[in-house]
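Here is how the chains run, residue by residue.
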Amino acid sequence: MLSQKINVLYLDDEEANLTSFKANFRREFNVFGVKTPDAALAVLDNQLIHVAISDHKMPTITGVQFFEKLSLTHPDIIRILLTGYKDIDTVIEAINRGQVYKYFTKPMDPDEIKETINGAYQFYLANKSTRETYRKLLDENEQLEFMLRQKLISWAKPKLPYNFTRDF
């Protein structure tokens with residue numbers, strides 16, 4: 001069992017789907033269910049979200065379009081797309097534009113979704129760890145470059161044979 005509950009944003013314009021998702025997963029995860037992309041953005045302003053799940057077909061925006069925007073503003077969030085349609089073009093678009101971790105067709109299997117969310121969270125943690133290590137390496141590299149520049153400057157200073165500041 002994970003020590004921290006995973007924060008999951010679920011975007012779907014159908015109230016019944018939101019209710020069902022919350023009922024299935026509220027014990028396992030912190031579920032933030034919303035009906036509109038604007039409501040989703042409001043949640044993102046106030047909560048650390050690890051995994052975002054979106055329905056694809058919605059009245060104002062597609063799930064892929066939402067994820068495309070999300071990848072620019074919140075690139076760390078792992079994205080999962082749900083759709084009632086088996087359309088290969090949607091899958092390709094989701095991967096290429098929305099940078100989707102996983103794609104599911106409805107109806108979805110709750111056990112498979114739960115396993116996927118847990119896997120997505122592990123992926124989130126691994127990415128976070130990699131980014132932190134990368135930042136540390138960049139900092140250490142800057143420090144080493146600074147020290148090297150200092151050493152090169154001291155080597156480049158001309159050495160005078162006599163100490164002219166000494167009183168005779």
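Each remark here, short or long, concerns the structure printed above.
A brief look at the structure comes next. These numbers were taken from a predicted model, which means no experiment stands behind them.

Comments concerning the environment of Thr105
No. 1: Assignment of secondary structure puts Thr105 in strand E5 (residues 102–105).
No. 2: Taking the C-alpha atoms as reference points, Thr105 and Tyr85, 20 residues apart in sequence, are found 6.5 Å from one another.
No. 3: Among all residues touching Thr105, those that are not within four sequence positions of it are Thr83, Tyr85 and Lys86.

A closer look at the layout of surface pockets
No. 1: Estimated volume of the largest pocket: approximately 230 Å³.
No. 2: Taken together, 15 residues form the lining of the largest pocket, with Tyr10, Asn17, Lys106, Pro107 and Met108 sitting closest to its centre.
No. 3: Per element, the largest residue contribution to the lining of the largest pocket is 5 residues, and it comes from helix H1 (residues 15–25).
No. 4: Here the lining of the largest pocket is composed, by residue class, of 7 nonpolar, 4 polar and 4 charged.

Details of the packing of aromatic side chains
No. 1: Per the stated rule, a full pass over the model turns up 6 aromatic pairs.
No. 2: Plain terms: the ring middles of Phe21 and Phe25 are 4.7 Å apart, the flat faces sit at 50 degrees to each other, and that makes the pair tilted. Here the residue Phe21 and the residue Phe25 both occupy positions in helix H1, the gap between them amounting to 4 residues, near one helical turn.
No. 3: Centroid distance Tyr101 to Phe123: 5.5 Å. Interplanar angle 35 degrees. Geometry classified as tilted. One end of the pair, Tyr101, is in the loop between helix H4 (88–96) and E5; the other, Phe123, is in helix H5 (residues 110–156), and 22 residues separate them in sequence.
No. 4: By relative accessible area, Tyr101 is classed as partly exposed at 34%.

Quick word on the sheet that holds strand E4 (residues 78–83)
Two orientations exist for strands paired in a sheet by backbone hydrogen bonds: parallel and antiparallel.
No. 1: Ordered by their spatial adjacency, 5 strands build an open sheet running E2-E1-E3-E4-E5, and the pairing between neighbours is parallel. Of all strands in the sheet, those with a lone pairing partner are strand E2 (29–34) and E5, marking the two edges. Strand-to-strand twist in this sheet, taken as the mean axis angle between neighbours without regard to direction, amounts to 20 degrees.
No. 2: Direction of pairing for E4 relative to E5: parallel, over a ladder of 4 bridges. Bridging across to E5, Ile80 finds its partner in Lys102.
No. 3: Packed on one face of the sheet, H1 meets strand E1 (6–11), E2 and strand E3 (51–55) and runs near 175 degrees to E2.

Cut-offs used in this document
Residues numbered from 1 in each chain as written. Predicted model: local features only at pLDDT ≥ 70, side-chain atom pairs only at ≥ 80, totals over all residues. Heavy atoms only, no water. Helix = DSSP H or I, 4+ residues; strand = E, 2+ residues; numbered from the N terminus. Contact = heavy atoms within 4.5 Å. 1 Å grid on protein atoms, 1.4 Å probe; cavity = no way out; pocket = protein on both sides within 12 Å on 5 of 7 lines; lining within 4 Å. Points joined across faces, edges and corners; volume = space filled by probe spheres on them. Nonpolar A, V, L, I, M, F, W, Y, C, P; charged D, E, K, R; others polar. Phe/Tyr/Trp six-rings, centres within 6.5 Å; stacked < 30°, edge-to-face > 60°. Buried < 20%, exposed > 50% of the residue type's maximum accessible area, 1.4 Å probe, protein only. Pairing = 2+ DSSP bridges. Axes fitted to C-alpha atoms, helices over the stretch in contact; angles between N-to-C directions.

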